[in-house]
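What follows is each chain in one-letter form.
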Amino acid sequence: MHNRPLSERYSTALVTGGAGFVGSHLVDALLEDGLSVISVDDYSAGKEENHAHLAGNPRFRAVKADVSVAEQIAPHLEGVDIVFHEAVSKNTVCMRDPARDLDVNAHGTLNVLLAAKAAGVKKFVHASTGSVYGEAQYFPTDEKHPLDPASYYGVSKLGAEKYARLFSDLHDLDTTILRYYHVFGPRQDNSDVGGVVSIFGRRAITDKPLIIYGDGTQLRSFTSVHDVVRINKLAAMHEGTRGKAYNCASGVKVTIQELADAVLKYFGKEHLGIEYRDWKPGDVLKFDVDNSKLKSLGFEFDYTFEQGLGETLEWLKQHLMVRV
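Each value, and the rule that gives it
- Residues numbered from 1 in each chain as written.
- Predicted model: local features only at pLDDT ≥ 70, side-chain atom pairs only at ≥ 80, totals over all residues.
- Heavy atoms only, no water.
- Helix = DSSP H or I, 4+ residues; strand = E, 2+ residues; numbered from the N terminus.
- Rg over C-alpha atoms; globule rule 2.2 N^0.38 Å.
- Buried < 20%, exposed > 50% of the residue type's maximum accessible area, 1.4 Å probe, protein only.
- Contact = heavy atoms within 4.5 Å.
- Areas by Shrake-Rupley, 256 points an atom, 1.4 Å probe, with all protein chains shown as cover.
- Axes fitted to C-alpha atoms, helices over the stretch in contact; angles between N-to-C directions.
- Parallel < 35°, antiparallel > 145°, perpendicular 65-115°, else oblique.
- Left-handed = near helix turned anticlockwise from the far one by under 90°.
- Nonpolar A, V, L, I, M, F, W, Y, C, P; charged D, E, K, R; others polar.
- Expected span 1.5 Å × (residues − 1).
- Bend = angle between axes of the 7 residues up to and from the residue.
- Core = buried A, V, L, I, M, F, W, Y, C linked by side-chain atoms within 4.5 Å.
- 1 Å grid on protein atoms, 1.4 Å probe; cavity = no way out; pocket = protein on both sides within 12 Å on 5 of 7 lines; lining within 4 Å.
- Points joined across faces, edges and corners; volume = space filled by probe spheres on them.

### Considering the overall build of the protein
- If you tally the helices and strands in the protein, you get 10 helices and 13 strands.
- For 324 residues, the compact-globule estimate of 2.2 N^0.38 gives 20 Å, and the protein sits close to it at 19 Å.
- Its C-alpha atoms give the protein principal-axis dimensions of roughly 55 × 45 × 40 Å.
- Taking all 324 residues of the protein together, 56% fall into the buried category.
- In the protein, of all internal contacts separated by at least 6 residues, the share reaching a separation of at least 24 is 79%.
- When the accessible surface of the protein is split by element, carbon and sulfur atoms take 52% of a total near 13800 Å².

### A closer look at the packing of helix H4 (residues 98-119) against helix H5 (residues 152-170)
- Where H4 contacts H5, the two axes come as close as 8 Å, and the packing angle between them is 10°. Taken together, the axis directions place H4 and H5 in an arrangement best described as roughly parallel. Taken as a pair, H4 and H5 cross one another with a handedness that is right-handed. Between H4 and H5, the residues in contact are Pro98, Asp101, Leu102, Asn105, Ala106, Thr109, Leu110, Leu113, Leu114 and Lys117 and Tyr152, Tyr153, Ser156, Lys157, Ala160, Tyr163, Ala164 and Phe167, respectively.
- Each residue belonging to the contact of H4 with H5 can be placed in one class, and the counts come to 12 nonpolar, three polar and three charged.

### Looking at H4
- Between its first and last C-alpha atoms H4 spans 31 Å; for 22 residues at 1.5 Å apiece the expected length is 32 Å, and the two agree.
- Roughly 30° is the biggest bend found in H4, and it falls at Gly108.
- Note on H4: the residue one or two positions beyond its end, Gly120, has a positive phi of about 75°.

### Here's the deal with the nonpolar core
- One finds Leu6, Leu30, Leu35, Val37, Phe84, Leu178 and Tyr180 to be the most contacted residues of the largest nonpolar core, which totals 36 residues.
- Of all elements in the fold, only strand S1 (12-16), helix H1 (21-32), strand S4 (82-85), strand S5 (123-129), strand S6 (174-180), helix H7 (225-237) and strand S11 (245-248) reach the threshold of two or more residues within this core.
- Per-element tally for this core: the top contributor is H7, with eight residues.
- Discounting chain neighbours no more than four positions away, the residues touching Tyr180 are Val22, Glu86, Ala127, Ser128, Thr129, Gly130, Val228, Asn232 and Cys248.
- Listed in part, the 24 residues of the second largest apolar core include Val63, Val112, Val121 and Phe124.

### Details of empty space enclosed by the protein
- A complete count under the given rule lists one cavity of 30 Å³ or more for this structure.
- Volume-wise, the largest cavity comes out at about 50 Å³.
- Looking at the largest cavity, the residues that line it are Tyr133, Gly134, Ala136, Thr141, Tyr181, Val284, Lys286, Phe287, Asp288 and Val289.
- The residue inventory of the lining of the largest cavity, partitioned by class, reads six nonpolar, two polar and two charged.

### Quick look at unusual backbone geometry
- Between Phe139 and Pro140 the backbone carries a cis peptide bond, its omega angle lying at -10°.
- Looking at the element boundaries, Pro140 is found in the loop between S5 and H5.
- Phi angles above zero are rare outside glycine, and His182 is one such case at about 45°.
- As for its position among the elements, His182 is in the loop between S6 and strand S7 (183-184).

Below, the structure written as structure tokens:
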């Protein structure tokens, strides 16, 4: 695997959604690699506290801007040679406001791509999602699987992917698409529209029963945010990733029921129990993901599910204690 620092090839990076969960971890890693980093975020989901430890860093700049408004984005691309596009209207938002979901995920991506092209950016790494496949027709699901999303979110993210691929073909912009699956770790949003690991953790810490929508048989491939950051760095440095899409999933197979049981056991709170409610519309039942294309680049996952879960829950416990 390529472990060379990104500073060998790039000097200034821009991270959209840079104050968010994955984006803020990526910002930290890029700064550690010696780059100057611009974080662009509208703070609808991102949090200023995720950058609090960077106060006074001369190579870091935080900008408040909305990717769906082109005029707010274009000025900040000047001098940037690599873009990591992490800004997203999440799956949990799309049912409430599908028009906003489209505006951020598809139109926002087009805006950032146009600005990147105009600025002469060398590399564009686009964060997508396994939701572009929809309900899988075969397992394990590889990158050749039909793209037939089952949610507004999946449709808007597929549109974004198509724009990224088009810019690679039409404008010779070096783009790579990374399809995320169930990323978890410190800083994950634990609100009711956040990630299931952190939602379960918050409810357990605050002595509330966990809530499962459906029967708990949903299969997921939880992937550590630290591995996802390393995948982004590999995509940025490996010549063979140009114009290609990769599944970014650990290969771990954990059901929602198993996750809930593990969280309750971790805190010794099995007595809280679990409430089962109606299935959520568009919820994909099974994710069994083929990550061999990513591994063919030399990538190896560092974090086991147990390691990632422990780190996430410990961070959440400290975070919630501070807030209380």
